[in-house]
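Here is what each chain is made of, one letter per residue.
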Amino acid sequence: CIRDRIKGRAGVGTRDVINSIEGGLDISFSNSGMWGNGLYFAVNASYSDGYAETIGNGRKLFLVCQVLVGEIQETGANNDNTLKKPKINPANQKRFDSVGGFTAGSQVYIVYENHKCYPAYLIEFS
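Here's what I pulled together on the structure shown here.

## Considerations on the pairing of strand β8 (residues 59-68)
Okay, so step 1: Note: strand β7 (residues 53-56) against β8, three bridges, orientation antiparallel. Looking at the pairing, G56 lines up with R59 of β8.
Okay, so step 2: From the end of β7 to the start of β8, which pair antiparallel, there are two residues, and N57 there has a positive phi angle of about 55 degrees.
Okay, so step 3: When β8 meets strand β14 (residues 117-125), the two strands line up antiparallel, connected through eight bridges. Residue pairing in the sheet places C65 in a bridge with P119 of β14.

What follows is the structure, encoded as structure tokens:
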């Protein structure tokens, strides 16, 4: 399952997180969040606004990405900031592909591998 999601990262240049070698984003720029050290994507742009890069004159940047979420480990509002990858799905004994959660009024998806997301658009807005 591929979904378009919005990515922001406070304190890091938006263009810096794009990993041209793997064609995705560079997880090494990630800090530990509510669901561990991963690449976070929000459904609602209003959530990502707080993480968008400020470039001056009241203008900001963020990325709209295609994210391969696959089988989602749904967590709701229950967070686990120690995650380094999704847990094993007890139904099939295979690891989930991503983690899904809900915070600050938005559904969010977290992936833990660079190649599971592709930056589709760089949006500049005010």
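## Side note on the side chain of N114
Okay, so step 1: Within the fold, N114 resides in the loop between β13 (106-111) and β14.
Okay, so step 2: Of the polar contacts made by the side chain of N114, one reaches the backbone nitrogen of I27; its length is 2.8 Å.

## What about the packing of aromatic side chains?
Okay, so step 1: Per the stated rule, a full pass over the model turns up two aromatic pairs.
Okay, so step 2: With a centroid separation of 5.6 Å and an interplanar angle of 40 degrees, the aromatic rings of Y47 and Y51 are classed as tilted.
Okay, so step 3: Centre to centre, the rings of F62 and F125 are 5.0 Å apart; their planes meet at 55 degrees, and the pair counts as tilted. With a gap of 63 residues between them, F62 in strand β8 and F125 in strand β14 connect regions that are remote in the sequence. The exposure classification of F62 matches that of F125, with both residues buried.

## Thoughts on the environment of N57
Okay, so step 1: The residue N57 is located in the loop between β7 and β8 in this model.
Okay, so step 2: Of the residues examined, N57 reaches a relative accessible area of 81% and is grouped as exposed.
Okay, so step 3: In the structure, N57 is positioned 69 residues away from S126 in sequence and 8.4 Å away in space, judged by C-alpha atoms.

Rules and cut-offs
Residues numbered from 1 in each chain as written. Predicted model: local features only at pLDDT ≥ 70, side-chain atom pairs only at ≥ 80, totals over all residues. Heavy atoms only, no water. Pairing = 2+ DSSP bridges. Helix = DSSP H or I, 4+ residues; strand = E, 2+ residues; numbered from the N terminus. Polar contact = N/O pair within 3.5 Å; in protein donor to acceptor, adjacent residues only side chain to side chain. Phe/Tyr/Trp six-rings, centres within 6.5 Å; stacked < 30°, edge-to-face > 60°. Buried < 20%, exposed > 50% of the residue type's maximum accessible area, 1.4 Å probe, protein only.

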